[in-house]
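# Observations on chain architecture
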Amino acid sequence: MNGAEIIISNALLLGALGFLLKLWIDKRLSLSLNEKLEKFKSELAKEVAKSSVQQTHNYAKKLEICATLNELMTEADFELKTLYFNVASKYYKGIEDRNNKFAEKYLEINALLHKEGLYIEDEIITMVQDAYRPLFDIVSNVIGSGDLKHYEVLELSGSMDNLSKKAEQPRKVVIARLKEIYGINT
């Protein structure tokens, strides 16, 4: 064999070895990448499932809190209606009792908002407090002073139906927003 043949045969041998080495490296990288990809997919699926479970739990917890909030606001509405009726009809004996009962309901609502604030949107907390706090302040002023003139700002005149609607208004505004946020259609 002459020198040129040796060089050509070495070049062919090196080329074949290089090609085989490249195939081997590609195969090893492909297997390694496939393993990593499968591991990533598995971890991602676990995280998605975990997140889904958390979202389901959080949504259920929020709805449970909303139901409790609605119940407390409905009870506060009843006390407020009765208080409005007593003030409008000047039934003074019932006013003190209704003041106290409404104040208790407001405090229960407020306690729920603070206790479950992690699950309730800040907008709802603010909306509930804005709806009921002014009424609580008026009732507290009457409780503290005994002066019924604090009720004048509420303009409690008109039919019982109008007074009833006026007492329901804070809850209805909040409930309408809750239904909108949570997609509750009734």
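Note that this is a predicted model, so its numbers are computed, not measured.

Averaged over all residues, the pLDDT of the protein chain equals 81, while 96% of them reach at least 70. Averaged pLDDT values for the elements of the protein chain fall to 80 in helix H1 (residues 3-88) and rise to 88 in helix H2 (residues 92-115).

The next point concerns the nonpolar core. In a soluble, globular protein the nonpolar side chains are often hidden away together inside. Membership of the largest hydrophobic core comes to 38 residues, with the highest contact counts inside it found for Leu69, Val128 and Tyr151. For this core, the secondary structure elements donating two or more residues are H1, H2, helix H3 (122-145) and helix H4 (160-182). Look past the residues within four positions of Leu69 in its chain and what remains in contact with it is Ile109, Leu112, Leu113, Ile124, Val128 and Leu178.

Moving on, we get to the pattern of salt bridges. By the definition in use, this model includes 12 salt bridges. Across the salt bridge formed by Glu79 and Arg98, the nearest N and O atoms sit 2.6 Å from each other. In this pair, Glu79 sits in helix H1 while Arg98 sits in helix H2, placing the two residues 19 residues apart along the sequence. In this structure Glu79 comes out as buried when scored by relative accessible area, which is 9%.

At their nearest, the axes of H2 and H3 sit 10 Å apart, and the two run at 150° to each other. With respect to their mutual orientation, H2 and H3 come out roughly antiparallel. Viewed along their axes, H2 and H3 form a crossing whose handedness is left-handed. Here Asn99, Asn100, Phe102, Ala103, Tyr106, Leu107, Ile109, Asn110, Leu113 and His114 of H2 come into contact with H3, specifically with Ile125, Val128, Gln129, Tyr132, Arg133, Leu135, Phe136, Val139, Val142 and Ile143. Its residues placed into classes, the contact of H2 with H3 shows 14 nonpolar, five polar and one charged.

Counted by the stated rule, this structure contains three aromatic pairs. When the ring of Tyr59 is compared with that of Tyr182, the centres are 6.0 Å apart and the planes differ by 70°; the resulting orientation is edge-to-face. Note that Tyr59 is positioned in helix H1 and Tyr182 in helix H4, a separation of 123 residues in sequence. On the accessibility criterion, Tyr59 (38% relative accessible area) is partly exposed. Judged by relative accessible area, which is 8%, Tyr182 ranks as buried. Relative to Phe136, the ring of Tyr106 has its centre 4.4 Å away and its plane inclined at 25°; by these criteria the two rings are stacked. With Tyr106 in helix H2 and Phe136 in helix H3, the pair connects residues that are 30 residues apart, well separated along the chain. When its relative accessible area of 13% is taken as the criterion, Phe136 is described as buried.

Of the voids in this model, the largest pocket is the one considered here, and its volume is about 170 Å³. In this structure, the largest pocket is lined by Val87, Ala88, Lys90, Tyr92, Leu148, Lys149, Tyr151, Glu152 and Leu156. Residue classes in the lining of the largest pocket are distributed as six nonpolar, no polar and three charged.

With that settled, the discussion passes to H3. Three or four residues apart is the spacing at which side chains of an α-helix point the same way, because the helix has 3.6 residues per turn. Between its first and last C-alpha, H3 extends 33 Å over 24 residues, near the 34 Å set by a 1.5 Å rise per residue. Approximately 35° is the largest bend angle found in H3, and it occurs at Tyr132, with the proline Pro134 only one to four residues beyond. Burial in H3 covers these residues: Ile124, Ile125, Val128, Ala131, Tyr132, Leu135, Phe136, Ile138, Val139 and Val142. In the segment just after H3, Gly146 is the residue with positive phi, at about 80°.

Parameters at a glance
- Residues numbered from 1 in each chain as written.
- Predicted model: local features only at pLDDT ≥ 70, side-chain atom pairs only at ≥ 80, totals over all residues.
- Heavy atoms only, no water.
- pLDDT = per-residue confidence, 0-100.
- Helix = DSSP H or I, 4+ residues; strand = E, 2+ residues; numbered from the N terminus.
- Core = buried A, V, L, I, M, F, W, Y, C linked by side-chain atoms within 4.5 Å.
- Buried < 20%, exposed > 50% of the residue type's maximum accessible area, 1.4 Å probe, protein only.
- Contact = heavy atoms within 4.5 Å.
- Salt bridge = Lys/Arg side-chain N within 4 Å of Asp/Glu carboxyl O.
- Axes fitted to C-alpha atoms, helices over the stretch in contact; angles between N-to-C directions.
- Parallel < 35°, antiparallel > 145°, perpendicular 65-115°, else oblique.
- Left-handed = near helix turned anticlockwise from the far one by under 90°.
- Nonpolar A, V, L, I, M, F, W, Y, C, P; charged D, E, K, R; others polar.
- Phe/Tyr/Trp six-rings, centres within 6.5 Å; stacked < 30°, edge-to-face > 60°.
- 1 Å grid on protein atoms, 1.4 Å probe; cavity = no way out; pocket = protein on both sides within 12 Å on 5 of 7 lines; lining within 4 Å.
- Points joined across faces, edges and corners; volume = space filled by probe spheres on them.
- Expected span 1.5 Å × (residues − 1).
- Bend = angle between axes of the 7 residues up to and from the residue.

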